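Listed below are the residues making up each chain.
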Amino acid sequence: MSESSVVPSMSVVIPVKDGERYLEELLDALAREGVDEVLAIDSGSRDRSLQIVRAAEVELLEIDPAEFGHGRTRNLGAEHSSGELICFLTQDATPVPGWATAYRAAFALDEHVGAAYGPHLPRPDTSPMIARELTEFFASFSADGQPAVQRPGGQTFLSNVNACYARACWEEIRFREIAYSEDQAFGADLFQDGWVKVYQPSAAVLHAHDYGALEFMRRYFDEYRGLHESTGHVEPFGVLATARQVRAEVAGDRRWAAEQGLSGTEQASLTARSAVHHGGRRVFSALGSRAERLPAPVRGRLSLEGRDDRAADGSGAAGEPDSAPGVSPVPPTTHISPKRDHDDYEDVARFWREGAAPLLDPVPGMAERERLRLALVIPSFRRGSGGHNTLLQIFSRLEQRGHLCSVWLYDFTGQHNAEWPAVIRSDIREFFAPIEGPVYKGFEHWQGADVAIATGWQTVHPTLMLDQCRARAYIVNDHEPEFYAASTEREMAEDTYRHDLHCIAASPWLRDLLVERYDASADAFQLGVDHALYQPRPVTRKQDTVIYYARHVTPRRAVPVGLMALSELHRRRPDLRIVLFGDEGQLESPFPYEHLGVLTPPQLATLYSEATVGLCLSLTNFSLMPKEMLACGLPCVELAGVSAESIFGSDGPLELATLDPRSIADALERLLDDPQRWAQRSREGIEFVASHTWEHATDEVEAGLRHALREREQSE
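Predicted model, so just to flag it, every value in this text is computed and none were measured.

**Remarks on the nonpolar core**
Working step 1: By size, the foremost hydrophobic cluster in this structure holds 66 residues, and its most contacted members are Ile428 and Tyr608.
Working step 2: The element contributing the most residues to this core is helix α24 (residues 694–715), with 6 residues.
Working step 3: Setting aside chain neighbours within four positions, we find Ile428 in contact with Ile378, Phe381, Leu392, Val407, Ala433, Ile435 and Val439.
Working step 4: In this structure, Leu30, Tyr165, Phe186 and Leu190 belong to the second largest nonpolar core, which totals 60 residues.

Quick look at the structure:
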């Protein structure tokens, strides 16, 4: 449906019961619109409805009245129809010319449109109160009268009086089987599942209930009762507030009537009707949203549908504290249909069930072969991912050394669902490193390897199940269990270190942690720096600029503490220029700052060459960012007592601070205030990282991969 040249097929489903008044007009309108399929679902009509449907030669499905449910019956209609778009109309909603075309246009606005709805236009005999309410209500969805795409976080309103759904969206979500407001519930579920919806002003229908005053009140009771059951809404109510609102609504109705040319006598008559209508609405909507507090007989009398939710044996209202003996206090259940075809962590479950695939027999001397077949399994990625950059910098150099290298994307989040492998490969080359080998999405074309290499924790269990391997290894960029609070994810991440994978850890600190805590076999490598790129650039160094790697989507970067430290520093030095980078999102802070977002490597090198001091905090394994800052001559503040000392020492080129805002602010201020200290840190930083190259990191990782093969030889 995202391709404008393809016209999606359209089915229309109409629940019917005693709908003869407008049904023939409705079916004639659908014939004019040229929809592909019309299905009427009749639940016990006693008027001419069945004759009208049969005369129109549309599909008819008859169900027992007891089987009818607003959500259940519409799900049934969707199941019995075939269109890519499924439209729902009530039996008294007549489409205006262009209705079907307008809905098709709505679904072409965005590939994630799951539903669309249009306005309800008053009929000529509609009361002024309802006519004004309908017109003003739907006008609020589009200020310019154009289609409006509504996204998560906005209003969840949908109305199955006149709505259209993408079949793919309905199949994923389905209507809840609730007594009322199944459409409103779908609107909330749709947003929760990442879909969007469209208000389409041109997909209008003629529709307005013309009840008497008491019938309207009882209908409002049902509507707000359903709204509460589907969304939890409770309508506010107060005597004074209600009086004010009723006066305002009556005044609005009178203005509307005057604009429509009603006489003074007609306006006077309208005033009384309007007051009763709006006053009754306020009272009955408040009662409806609190219906569960009312006795069942009272609910039944207030409901237009006569619904009191008594138990099947008639002994009392299910779920009421005062229900008769023997009636369960548990409320009625809601059936939830499957929404997906797999578990969240189905590969972990399969590994726990089946275990690892057997490895191929080791070949003597295989660890010393000049060329190895290496398969790197990576998780989902986006531009700016530091872990992926480390992996691909090293892997591209292993490839340059003559190893046969392939990359396998394990996209367990579905982030890359719509992307072809060629697109993924192009992104890897653009975002990280110019690899030459193939990139695969999933393991359908798995070819085996001398060493299969797991990376992020999500890739470990799938890698363990890959066959045709001589050995497996695990490049560990960080201690990933610490990314989570107590959770399933934390437990599964810890589990990845317990399956005899030889680990190649991205620092001595991380290697020691794996050996001591998990009794793992582990080597270490040092993160490298691209010195052709990261070196002092020919730009003027500013004297008043602190830059902060504020990647707030990564909790281990301790961004709240970093912001508190910068707030303290700003209080001391209000003229200081503060620049935040590393994330597209803009943070709210108590101090002014400049936002740069995610930068390219050349942009980063320039930023590091012109700033005064850098700030980068790591609560787990050390980040590559401070090394690149140091390579550009930029002194940097990092956290003490975590992993930095394992690389730089306690009195190395980094300025270290404890995890305390004032301590961090003090460290930044020492570098800003003391030119000699700044110059020493700058000089020592350039000298220290000079030997930290990607070639050296590749040497260490290659040695670790050969170590994994050697362990296999020795295990036989």
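Next comes the rest of the write-up.
**A word on the pattern of salt bridges**
Working step 1: In this structure the tally under the stated criterion is 39 salt bridges.
Working step 2: Salt-bridge contacts for Glu33 lead to Arg32; the nearest nitrogen and oxygen are separated by 3.0 Å.
Working step 3: Residue classification places Arg32 among the partly exposed positions, given a relative accessible area of 44%.
Working step 4: Within this structure, Glu568, Arg571, Arg572, Arg573, Asp666, Glu669 and Asp673 form a network of salt bridges that share partners.

**Concerning the sheet that holds strand β5 (residues 94–95)**
Working step 1: Spatially, β5-β11-β7 is the arrangement adopted by the 3 strands of the open sheet, whose pairing is mixed. If you trace the sheet from one side to the other, it starts and ends with β5 and β7 (120–121), each paired once.
Working step 2: Relative to strand β11 (residues 205–206), β5 is paired through 2 bridges, and the arrangement is antiparallel. Each residue of the ladder has a partner; that of Pro95, found in β11, is Val205.

**Some points on the environment of Ala168**
Working step 1: Mapped onto the fold, Ala168 is located in helix α6 (residues 167–173).
Working step 2: Sequence separation of Ala168 and Ala550 is 382 residues, and the distance between their C-alpha atoms is 38 Å.

**Details of the packing of aromatic side chains**
In this description, an aromatic ring pair is defined by two values, namely the gap between the centres and the angle between the planes.
Working step 1: Enumeration according to the criterion identifies 37 aromatic pairs in this entry.
Working step 2: Here Phe381 and Phe431 contribute two aromatic rings whose centre-to-centre distance is 6.3 Å and whose plane-to-plane angle is 75°, an arrangement assigned as edge-to-face. Of this pair, Phe381 sits in the loop between β12 (373–379) and α13 (386–400) while Phe431 sits in helix α14 (residues 421–431), and the two are 50 residues apart along the sequence. Per residue, the accessibility class of Phe381 equals that of Phe431, and both read buried.
Working step 3: Through successive ring pairs, a cluster of aromatic residues spans Tyr345, Trp408, Tyr410, Phe412, Tyr440, Phe443, Trp446, Trp457 and Tyr484.
Working step 4: For the cation-ring pair, Arg123 lies above Tyr22, with the distance from its terminal atom to the ring centre recorded as 3.7 Å.

**Looking at helix α1 (residues 20–33)**
Working step 1: Here α1 contains 14 residues, and its C-alpha end-to-end distance of 20 Å stays within 8% of the 20 Å for a straight helix at 1.5 Å per residue.
Working step 2: All buried positions along α1 are accounted for by Tyr22, Leu23, Leu26, Leu27, Ala29, Leu30 and Glu33. The buried residues of α1 all sit within an arc of 160° when viewed along its axis, so they share a single face. Pointing more than 90 degrees away from the buried face of α1 are the exposed residues Asp28 and Ala31.
Working step 3: A positive backbone phi angle near 70° is found at Gly34, which sits one or two residues after α1.

**A few points about the packing of helix α18 (residues 559–572) against helix α22 (residues 661–673)**
Working step 1: Contact geometry of α18 with α22 gives a least axis separation of 8 Å together with a crossing angle of 55°. Here α18 lies oblique to α22, going by the angle between them. Remark: the crossing between α18 and α22 carries right-handed chirality. Along its contact with α18, which presents Val561, Met564, Ala565, Leu566, Glu568, Leu569 and Arg572, the element α22 presents Pro661, Arg662, Ile664, Ala665, Asp666, Leu668, Glu669 and Leu672.
Working step 2: Partitioned by chemical class, the residues of the contact of α18 with α22 number 10 nonpolar, no polar and 5 charged.

**Section: the sheet that holds β12**
Working step 1: In spatial order, the strands read β14-β13-β12-β15-β16-β17-β18; together these 7 strands make up an open sheet with parallel pairing. Looking at strand neighbours, the two that pair on one side only are β14 (439–441) and β18 (522–524), the edges of this open sheet. Here the average twist between neighbouring strands, direction ignored, is 25°.
Working step 2: Here 5 bridges tie strand β15 (residues 449–454) to strand β16 (residues 469–476), and the two strands are oriented parallel to one another. From the neighbouring strand, Ala449 faces β16, where its bridge partner is Cys469.
Working step 3: Sheet contacts for helix α17 (residues 508–518): β16, β17 (502–505) and β18; angle to β18, the most-contacted strand, approximately 170°.
Working step 4: Relative to β16, α24 is tilted by about 140°, and along the sheet it contacts β12, β15, β16, β17 and β18.

**So, the confidence of the model for the protein chain**
The predicted coordinates ought not to be read in detail in places where the model reports low pLDDT.
Working step 1: Residue-level pLDDT values for the protein chain average 88, and 92% of them are 70 or greater.
Working step 2: Counting interchain partners and residues more than four positions distant, the pLDDT-below-50 stretch residues 311–328 has 27 contacts.

**Some details on the environment of Tyr165**
Working step 1: Within the element layout of this structure, Tyr165 appears in strand β9 (residues 162–166).
Working step 2: Given a relative accessible area of 0%, Tyr165 falls into the buried group.
Working step 3: Taking the C-alpha atoms as reference points, Tyr165 and Ser609, separated by 444 residues in sequence, lie 54 Å from one another.
Working step 4: Sequence-distant contacts of Tyr165, defined by excluding residues within four places in its chain, comprise Glu84, Leu85, Ile86, Phe88, Phe107, Gly114, Ala115, Leu158, Asn160, Phe175, Asp183 and Phe186.
Working step 5: Within the structure, the side chain of Tyr165 is placed 2.6 Å from the side chain of Asn160, a separation counted as a polar contact.

**A few points about the environment of Arg371**
Working step 1: Mapped onto the fold, Arg371 is located in the loop between α12 (346–354) and β12.
Working step 2: Separated by 32 residues in the primary sequence, Arg371 and His403 place their C-alpha atoms 4.7 Å from one another.
Working step 3: Every residue in contact with Arg371, bar those within four places of it in the chain, is listed here: Gly402, His403, Leu404 and Asp450.
Working step 4: Here the side chain of Arg371 touches Gly402 through a polar contact of 2.8 Å, landing on its backbone oxygen.

**Remarks on the pairing of strand β3 (residues 59–62)**
Working step 1: Direction of pairing for strand β2 (residues 37–42) relative to β3: parallel, over a ladder of 4 bridges. Residue pairing for β3: Ala40 is matched across the bridge by Leu60.
Working step 2: In terms of handedness, the path from β2 via helix α2 (residues 49–55) over to β3 forms a crossover that is right-handed.

**A closer look at the pairing of strand β10 (residues 196–199)**
Working step 1: The two faces of β10 match: Val196 and Val198 on one face and Lys197 and Tyr199 on the other face are all buried.
Working step 2: The sheet contact formed by strand β8 (residues 148–150) and β10 spans 3 bridges and is antiparallel. What sits directly across from Val149, in β10, is Val198.

**What about the side chain of Glu568?**
Working step 1: With respect to the helices, strands and loops of the structure, Glu568 is situated in helix α18.
Working step 2: A polar contact of 2.9 Å, which involves the side chain of Glu568, links it to the side chain of Arg572.

**Re helix α16 (residues 488–495)**
Working step 1: Here α16 has its buried residues at Met492, Ala493, Glu494 and Asp495.
Working step 2: Looking at the packing, one finds that the buried side of α16 touches α12, α15 (460–464) and α17.

**Points about unusual backbone geometry**
Working step 1: For Arg174, which is not glycine, the phi dihedral falls at a positive 60°.
Working step 2: In this structure, Arg174 sits in the loop between α6 and α7 (182–192).
Working step 3: On the basis of relative accessibility, which here comes to 18%, the residue Arg174 falls in the buried class.
Working step 4: Non-glycine residue Asp500 carries a positive phi angle of around 60°.
Working step 5: Looking at the element boundaries, Asp500 is found in the loop between α16 and β17.

**Quick look at empty space enclosed by the protein**
Working step 1: Evaluated as defined, the whole model comprises 1 cavity of 30 Å³ or more.
Working step 2: Looking at the largest cavity, its volume works out to about 40 Å³.
Working step 3: Considering the residues around the largest cavity, the lining is formed by Ala550, Leu580, Phe581, Gly582, Asp583, Gly585, Leu587, Tyr593 and His595.
Working step 4: Counted by class, the lining of the largest cavity contains 5 nonpolar, 3 polar and 1 charged residues.

Basis of the calculations
- Position numbers for residues count from 1 along each chain, tracking the sequence in the order it is written.
- Totals for whole chains, interfaces and linings use every residue, but because this is a predicted model, local features are given only for residues with pLDDT of at least 70 and side-chain atom pairs only at 80 or more, for both listing and counting.
- Heavy atoms throughout the structure, all of them, feed into the side-chain values; hydrogens and water do not.
- Here, nonpolar core refers to any group of buried Ala, Val, Leu, Ile, Met, Phe, Trp, Tyr and Cys residues whose side-chain atoms link them within 4.5 Å.
- Remark: exposure states derive from per-residue accessible area (1.4 Å probe, protein chains only) relative to the maximum for the residue type, with buried under 20%, exposed over 50%, and partly exposed in between.
- For helices the rule is a DSSP run of H or I covering at least 4 residues; for strands it is a run of E covering at least 2, with both sets numbered from the N terminus onward.
- For this analysis, residues touch if any pair of their heavy atoms sits within 4.5 Å.
- By salt bridge we mean one thing: a side-chain nitrogen of Lys or Arg within 4 Å of a carboxyl oxygen of Asp or Glu.
- Here a strand pair is declared whenever DSSP counts at least two bridges between the two strands.
- Ring pairs are drawn from Phe, Tyr and Trp, using the six-membered ring of Trp, whenever the two centres fall within 6.5 Å, and their geometry is named by plane angle: stacked under 30 degrees, edge-to-face over 60, tilted for the rest.
- Note on geometry: a ring has a charge over it if NZ (lysine) or CZ (arginine) is within 6 Å of the ring centre and within 35 degrees of the ring normal.
- Multiplying one less than the number of residues by 1.5 Å gives the expected span of a helix.
- By definition, the arc is the one covered by directions from the helix axis to the C-beta atoms.
- Think of each axis as a best-fit line through the C-alpha atoms, taken over the contacting stretch in the case of a helix, with angles from 0 to 180 degrees between the N-to-C directions.
- Angle categories are assigned with fixed cut-offs, so that under 35 degrees is roughly parallel, over 145 is roughly antiparallel, 65 to 115 is roughly perpendicular, and the rest are oblique.
- By convention the crossing between two helices is left-handed if the near helix lies anticlockwise of the far one by an angle smaller than a right angle, and right-handed if it lies clockwise.
- Gly counts as polar in this scheme, as do all residues outside two lists: the nonpolar Ala, Val, Leu, Ile, Met, Phe, Trp, Tyr, Cys and Pro, and the charged Asp, Glu, Lys and Arg.
- Note on scores: pLDDT gives the predictor's confidence for each residue, bounded by 0 and 100.
- The term polar contact refers here to a pair of N or O atoms within 3.5 Å; inside protein, the definition further demands a hydrogen-donor-capable atom paired with an acceptor-capable atom, and it admits residues adjacent in sequence only when both atoms are side-chain atoms.
- By convention a crossover is right-handed if, when the strands point away from the viewer, the path from the first strand over the helix to the second runs clockwise.
- The pocket and cavity definitions rest on a 1 Å grid over protein atoms only: a 1.4 Å probe that fits but cannot leave marks a cavity, an open set with protein on both sides within 12 Å along at least five of seven lines marks a pocket, and residues lining either have an atom within 4 Å of a point.
- Grid points are joined across faces, edges and corners, and a volume is the space filled by probe spheres set on the points.

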